[in-house]
Amino acid sequence: MTKTALITGATSGIGKATAFEFAKHGIKLILCGRRLERLNTIQNALKDLTEVHILNFDVRDKEATLNAINSLPENFKTIDILINNAGNAHGLDPINEGNIDDWDAMMDINVKGLLYVSKAVIPQMTERQSGHIINIGSSAGKEVYSKGNVYCASKHAVLAITEGMRIDLNPYGIKVGAVNPGLVETEFSEVRFKGNPNANNTYKGFKALQAKDVADVIYFAISRPPHVNLADILMFCTAQANSTIVNKEA
Ligand code: NDP
Ligand code: 8X3
């Protein structure tokens, strides 16, 4: 039977690559993000592979999130797979110099936004006693690094929420897991360093993970047999050993 996946943060990076990977396998898609033009372009690019419905909302907006997901058309109402991917880092500052707006953005989007989307989707999964939720965490959710403070906290929270979901949704047969990448070359650094022309230096001197590499792993996770759940995947590019050790060319 054709499955339907809802992907947040589908306008860019990991979410967009996951949409393309899922479409190749004929999975019906509900693609979410704030940049409507991009959603339209992606919907158009995928329309020959699968059915695509777009939802244009900001995950920080509780009402908009619940309304968008609750008002899906009949043929997209049953969500089998939820990929909670929307998120970013904002800033890289020592805690004593951190910007409160950056802190709000990370906690509101990465943590509360993920909860709002999950709140809109989980009841139908518990009712059907089936479903699969993958939360995109980070190596930053496993290990705190210098100046990572609040971003790391938000991703530690994603991991705690993932574990909590897996425990609470266990009686309903719902699969819950996290995919936690290290450095992935996406728009992530542009957002983190807001307009700084050196933002992309983050990925210079080594081959970082590409969005498609992460999408491949997400597809692998959702395509396992019914009795198999990949609970927690940590993935790095070969050049990266942990959050602080990256083997870069001189
Ligand atoms: P991108 O910046 O390329 O993509 C981020 C996506 O999140 C965009 O589609 C953006 O859509 C969406 N998004 C951001 N804020 C909001 C919001 N308020 N409401 C709705 N959607 C929002 O980054 P990545 O693809 O790299 O990031 C995806 C996830 O992967 C994030 O959770 C990130 O923390 C995580 N991650 C990234 C790593 C990396 O090194 N790149 C490593 C580990 C984890 P739009 O702006 O259109 O709303
Ligand atoms: C993104 C990876 O190392 O920039 O979550 O925090 S890192």
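Here, every reference points to the structure presented above.
Here goes a summary of the coordinates provided. Keep in mind that what you see is a predicted model, and the values were worked out from it rather than measured. (Residues numbered from 1 in each chain as written. Chains lettered and ligands numbered in written order. Predicted model: local features only at pLDDT ≥ 70, side-chain atom pairs only at ≥ 80, totals over all residues. Heavy atoms only, no water.)

### What to know about the nonpolar core
Soluble, globular proteins show a tendency: their nonpolar side chains are buried together.
Thinking step 1. Residues F22, L29, L31, I83 and I218 are the most contacted members of the largest nonpolar core, which totals 34 residues.
Thinking step 2. Broken down by element, this core gets its largest block of residues, 5 residues, from helix α7 (residues 211–222).
Thinking step 3. Residues contacting I83, with those up to four places away along its chain left out, are L6, I7, T8, F22, I134, I136, I218 and I222.
Thinking step 4. Listed in part, the 28 residues of the second largest apolar core include A68, I69, A120 and V121. (Core = buried A, V, L, I, M, F, W, Y, C linked by side-chain atoms within 4.5 Å. Buried < 20%, exposed > 50% of the residue type's maximum accessible area, 1.4 Å probe, protein only. Helix = DSSP H or I, 4+ residues; strand = E, 2+ residues; numbered from the N terminus. Contact = heavy atoms within 4.5 Å.)

### Describing the site of ligand 2
Thinking step 1. Neighbouring ligand 2 are the residues S138, A140, Y145, Y151, G182, F188 and R192.
Thinking step 2. Note that an oxygen atom of ligand 2 is positioned 2.5 Å from one of the side-chain N or O atoms of S138.
Thinking step 3. At 2.6 Å from an oxygen atom of ligand 2 is found a side-chain nitrogen or oxygen belonging to Y145.
Thinking step 4. Calculation on ligand 2 without its partners gives an accessible area of 240 Å², and the protein chains cover 89% of this total.
Thinking step 5. Across the shell around ligand 2, the residue classes break down as 4 nonpolar, 2 polar and 1 charged. (Near = heavy atom within 4 Å. Polar contact = N/O pair within 3.5 Å; in protein donor to acceptor, adjacent residues only side chain to side chain. Areas by Shrake-Rupley, 256 points an atom, 1.4 Å probe, with all protein chains shown as cover. Nonpolar A, V, L, I, M, F, W, Y, C, P; charged D, E, K, R; others polar.)

### Some points on the pattern of salt bridges
Thinking step 1. One pass over the full model with this rule turns up 9 salt bridges.
Thinking step 2. The residue R38 makes a salt bridge to E187 at a minimum N-O spacing of 3.0 Å. You can see R38 sitting in helix α2 (residues 36–46) and its partner E187 sitting in the loop between β7 (184–185) and α6 (188–192), a full 149 residues away along the chain.
Thinking step 3. Given a relative accessible area of 30%, R38 falls into the partly exposed group.
Thinking step 4. K194 is the partner of D102 in a salt bridge, and the nearest nitrogen-oxygen pair spans 2.8 Å. Taken together, the residues span a long stretch of sequence, with D102 in helix α4 (residues 100–128) and K194 in the loop between α6 and β8 (209–210) at a distance of 92 residues.
Thinking step 5. Within this structure, E21, K24, K212 and D216 form a network of salt bridges that share partners. (Salt bridge = Lys/Arg side-chain N within 4 Å of Asp/Glu carboxyl O.)

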